[in-house]
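Residue-level structural notes
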Amino acid sequence: MPDSTPDSKAPDAAATRPARRVRTLDLQKAKRDGRRWAMLTSYDQYTAALFERSGVEALLVGDSAANNVYGHATTLPVTVDELIPLARAVSSATSRALVIADLPFGSYEVSAEQAATTAIRFMKEAGVHAVKLEGGVRMADRVRAVVDAGIPVMAHIGFTPQSEHALGGYKVQGRGDAAQQLLADARAVTEAGAFAVVLEMVPAELAAEVTRELQIPTVGIGAGAGCDAQVLVWQDMAGLRTGPVPRFVKRYANLDEVLSGAVRAYVDDVASGAFPESERDFS
């Protein structure tokens, strides 16, 4: 029979998390301690508060809001002005999770000065605690400029959705000879001062190699279990999004079915007169 003594149990993840606001240094310490942590996207107050209560340590107000809030086909159309109110809602609804905002396409590519200016807007107007931007070697000067402005940066390499047209679509990055470029990208953003780096759609063995080499945490999305942390779009994770999802997505619920059932029941009750019941009336 399995040993049921307290010493044989895995440590309670909640007991290892700070009771105060999570900081970038906490996530870096987690890497040194060998403790993995979870990140989810969030775009509103209710999911932000719920995810925080459930133990998510980092919340990403992603440019994926383009697909999951605003109804666009890609992340490219979403703007700074559209993301800032969402980021403000997430920041305002939380007291412990580290809130990170994506710098959307077109808001940092022109120059390092543009990157710093955009990041400052997110810090001042949305109250986030860090920003994320895509690109490795070619964007290292942007990472450095934002860090020099006193703003923590999470880098993002591998498949970078904002560059999907240049990359020829949604393709795994870092296979074969391209592995050396991905390693160079990881080193460049680390040297530029990033506190963590997202690895998206990268071969698991390569992602594990990057994770072993870097002193900063790696956050995987389609990059295998060897990363220090994992991130998913919450609508994918919870099954609110229907239809095909990327191979790396695991659905932990079927919210589409749950909400559809609730709405159908409401519609039927209104049509039949069963709702509202008399006890809901005012006199």
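Throughout this description, residue numbers start from 1 for each chain and increase along the sequence as written. pLDDT decides what is reported in this predicted model: residues at 70 or higher carry local features, side-chain atom pairs at 80 or more are listed and counted, and totals for whole chains, interfaces and linings draw on all residues regardless. To get the side-chain values, take all heavy atoms of the structure and skip hydrogens and water.

Threshold: UniProt positions are given in the numbering used here, feature names are shortened, and annotations may be inferred rather than shown by experiment.
An unreviewed UniProt entry lists the chain under the name 3-methyl-2-oxobutanoate hydroxymethyltransferase, from Paramicrobacterium chengjingii. Quoted verbatim from the Pathway (unreviewed entry) field of UniProt, the annotation for the chain is "Cofactor biosynthesis; (R)-pantothenate biosynthesis; (R)-pantoate from 3-methyl-2-oxobutanoate: step 1/2." Entered under Catalytic activity (unreviewed entry) in the UniProt record, the comment concerning the chain runs "(6R)-5,10-methylene-5,6,7,8-tetrahydrofolate + 3-methyl-2-oxobutanoate + H2O = 2-dehydropantoate + (6S)-5,6,7,8-tetrahydrofolate".

**Concerning unusual backbone geometry**
Condition: What counts as a helix is a DSSP run of H or I of at least four residues, what counts as a strand is a run of E of at least two, and both are numbered from the N terminus. The cut-offs for exposure are 20% and 50% of the maximum accessible area for each residue type, with area from a 1.4 Å probe on protein chains only; residues under the lower value are buried, those over the upper are exposed, and the others partly exposed.
With an omega of 5 degrees, the peptide bond running from Phe275 to Pro276 counts as cis. Relative to the assigned elements, Pro276 resides in the segment after α12 (255-272). Although it is not a glycine, Met201 sits at a positive phi angle of roughly 50 degrees. Looking at the secondary structure, you find Met201 in the loop between β6 (196-200) and α10 (204-213). With a relative accessible area of 12%, Met201 lands in the buried category.

**Considering the UniProt feature "binding site: Mg(2+)" (unreviewed entry) in the chain**
Just so we agree on the cut-off: In what follows, a contact means two residues having at least one pair of non-hydrogen atoms within 4.5 Å.
The feature "binding site: Mg(2+)" (unreviewed entry), as given by UniProt, occupies Asp63, Asp102 and Glu134 in the numbering adopted here. A maximum C-alpha distance of 10.9 Å places the annotated residues, which cover 72 residues in sequence, within one compact spot. Its place among the elements puts Asp63 in the loop between β2 (58-61) and α4 (65-68). Accessibility expressed as a relative area gives 5% for Asp63, which makes it buried. The residues touching Asp63, leaving out its near neighbours within four places in the chain, are Thr75, Val78, Leu83, Asp102, Glu134 and Gln162. The contacts of Asp102, once residues within four sequence positions are left out, are Leu60, Val61, Gly62, Asp63, Leu83, Phe122 and Lys132.

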